[in-house]
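# Overview (structure and organization)
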Amino acid sequence: MKVSLKNENLFRIQRLEKDLECTLRKSESKIKQFTTLAELSTILNSTLDQEEVRKRAMEAATRLMNCEVGSLLLLDDETNELYFEVALGEKGEKVKEVRLKVGEGIAGWVAEYGEPLLITDVSKDPRHSRKADERSEFKTRDMLCVPLKIKDKVIGVLEAINKLEREVFNNEDLELFKMLANQVAIAIDNARLYKELQETFLQTAEALADAIEKRDPYTGGHTKRVVNYSMSIVKYLDMNHEEKERIKISAILHDIGKIGIKDKILRKPSELDKDEFEEMKKHPILGQEIMEKVTQLKDVIPGMRYHHERLDGKGYPDGLSGNKIPLVAKIIAVADAFDAMTTDRPYRRALKWETAIDNLRRGSGEQFDGEVVKAFIRSYQSGDISD
Ligand SMILES: [Fe+2]
Ligand SMILES: [Fe+2]
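Residues numbered from 1 in each chain as written. Chains lettered and ligands numbered in written order. Predicted model: local features only at pLDDT ≥ 70, side-chain atom pairs only at ≥ 80, totals over all residues. Heavy atoms only, no water.

### Observations regarding the pairing of strand β5 (residues 143-150)
For β5, a buried count of seven out of eight residues is recorded, marking the element as mostly surrounded by other parts of the structure. As paired elements, β5 and strand β6 (residues 153-163) share eight bridges and run antiparallel to each other. Among the inter-strand pairings, P147 is bridged to a residue of β6, identified as V157. Linking two consecutive strands that pair antiparallel, namely β5 and β6, is a turn of two residues; a positive phi of about 45° is found at K151 within it. (Buried < 20%, exposed > 50% of the residue type's maximum accessible area, 1.4 Å probe, protein only. Helix = DSSP H or I, 4+ residues; strand = E, 2+ residues; numbered from the N terminus. Pairing = 2+ DSSP bridges.)

The structure is reproduced here in structure tokens:
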């Protein structure tokens, strides 16, 4: 009797120990999952580049759900279709081109009804469209598919396909995946808003530049050409995307200060006299005065203020020389001078391109930065710019 009681107690203790161990293991794995989710959310939200956000979203889905492939389908509002932007994983490249109508396939169903799905055996689900699998030679076994929503509007669908280690997705996975999808939707929307803001900003800058061109009939198209030449130059200089964008905006706005120059000088059909030229020389400073009120434009002021400086210090308005002149201003200076030489003025004919390029070469190291001139010539020789 005593022995059997003892055995039963021992058995109970052992069971308790096992339960405890199991609960502990479960909570450990939960903590791990939430830590990963927090990490992935930070990674997702640390960029505003649309393509990068999409790529990170798929990487996050694959990593968090421990599955074969993570997929992101975005909704094309115009055609009412879902499209695979990119799909990571072995055969991801082929999935890239697939488009599904809203309502078509599992992802289409999720987009239509705005409800998540957990499917443990895809082959038995009548909603499954074989289109993506066929194109990618990929076999979908089980999947999680959740809508990405911004203010109740579906903007896409996030999928986790084929759980690894011979497991199948469960409800806990689905709950975790829904949390990731919220973060992904926010990151995608932030990147979209940022891009829209950038575009509006660029369009506003272009509209401002157009306003000047309308007042100055002799330099029609000058700004656009200076922007094109500047962008051709930066192709041959070692620069990242942000720096190039900053140079583009600087080039668009470089002559904005001409807004403050009187019509009789700006529109004068003959060459300016000394006093008039002194007046015209104020436009870089006027440009700075107009634009420095806009905090976001702080970075484009140097291009505006210094684009008439010369390497030998004989330029204006500050007479800066050598490396004191910011690179952006050196680039715009070459683009600006080339355009001035190659366009007709009421008092002189345009120079031939070859002649203007010779002039740039001759002015290299004196008026113009040698490296910038070299980059301009390379872009001309490669056919990036042509007359
Ligand atoms: Fe200028
Ligand atoms: Fe200019």
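Now that the structure is up, let's keep going.
### Quick word on the coordination of the iron ion (ligand 1)
The textbook angles at a metal center are 109.5 degrees for a tetrahedron of four donors and 90 or 180 degrees for an octahedron of six. Within the protein, the atoms that donate to the iron ion (ligand 1) are D255 (OD), H283 (NE2), H307 (NE2) and H308 (NE2), at distances of 2.1 to 2.3 Å. Here the iron ion (ligand 1) binds four donor atoms, and the angle range of 84 to 176° at the metal identifies the geometry as irregular. Read in sequence order, the donor residues for the iron ion (ligand 1) give the motif D-x27-H-x23-H-H. The iron ion (ligand 2) is placed at 3.5 Å from the iron ion (ligand 1), the two being bridged by D255. Note that D255 is positioned in the loop between α8 (241-253) and α9 (263-266) and H307 in the loop between α12 (301-306) and α13 (327-342), a separation of 52 residues in sequence. The pair formed by D255 and H307 is uniform in burial state, with each residue classed as buried. (Donors = N, O, S within 2.8 Å, 3.2 Å for Na, K, Ca; no water. Tetrahedral: all angles 85-135°; square planar, octahedral: opposite > 155°, others 65-115°.)

### What about the pattern of salt bridges?
In the structure shown here, the tally under the stated rule is 30 salt bridges. Its salt-bridge partner being R99, residue D76 comes within 3.4 Å of it at the nearest N-O pair. Highlighted residues: D76 in strand β1 (residues 67-76) and R99 in strand β3 (residues 99-101), separated in sequence by 23 residues. Among the residues examined, D76 registers a relative accessible area of 19% and is labelled buried. Here R99 falls in the partly exposed class, since its relative accessible area comes to 32%. In this structure, a network of salt bridges that share partners links the residues D76, E81, R99 and K101. (Salt bridge = Lys/Arg side-chain N within 4 Å of Asp/Glu carboxyl O.)

### What about the nonpolar core?
Grouped together as the largest cluster of nonpolar side chains are 41 residues, with contacts concentrated most on I233, L253, I331, V334, F338, L360 and F376. Secondary-structure elements contributing two or more residues to this core are α6 (171-215), α7 (222-235), α8, α12, α13, α14 (353-363) and α15 (370-381). Ranked by residue count, the leading element in this core is α13, at eight residues. With near-sequence residues (within four places) excluded, I233 lies in contact with I331, V334, A335, V372, A375 and F376. Ranked by size, the runner-up nonpolar core spans 32 residues in total, among them L44, V146, I155 and F177. (Core = buried A, V, L, I, M, F, W, Y, C linked by side-chain atoms within 4.5 Å. Contact = heavy atoms within 4.5 Å.)

### Concerning the environment of L44
Residue position: L44 is located in helix α1 (residues 2-44). Overall, L44 belongs to the buried group, its relative accessible area being 1%.

### A word on the pairing of β6
Counting buried residues in β6 gives ten out of eleven residues, a clear majority hidden from the surface. Of the pairings in the sheet, the one linking β1 to β6 comprises seven bridges and is antiparallel in character. If you follow L74 over to β6, its bridge partner there is G156.

### Notes on the coordination of the iron ion (ligand 2)
For the iron ion (ligand 2), the protein coordination sphere consists of H222 (NE2), H254 (NE2), D255 (OD) and D336 (OD), at 2.1 to 2.3 Å. Here the iron ion (ligand 2) is ringed by four donor atoms whose angles at the metal span 82 to 178°, and the overall shape comes out irregular. Ordering the donors of the iron ion (ligand 2) by residue number gives the pattern H-x31-H-D-x80-D. Residue class for D336 comes out buried when judged on its relative accessible area of 9%.

### A closer look at the layout of surface pockets
Empty space within the largest pocket amounts to approximately 960 Å³. Along the walls of the largest pocket sit 35 residues, with F277, H308, Y316, A340 and R345 positioned nearest its centre. Breaking the lining of the largest pocket down by element, the ones donating at least two residues are α9, α10 (274-280), α13 and α14. With five residues, the top contributor of residues to the lining of the largest pocket is α13. In terms of residue class, the lining of the largest pocket is made up of 15 nonpolar, nine polar and eleven charged. What the second largest pocket holds in volume is close to 820 Å³. (1 Å grid on protein atoms, 1.4 Å probe; cavity = no way out; pocket = protein on both sides within 12 Å on 5 of 7 lines; lining within 4 Å. Points joined across faces, edges and corners; volume = space filled by probe spheres on them. Nonpolar A, V, L, I, M, F, W, Y, C, P; charged D, E, K, R; others polar.)

Such coordinate-based values are descriptive only and should not be taken to indicate function.
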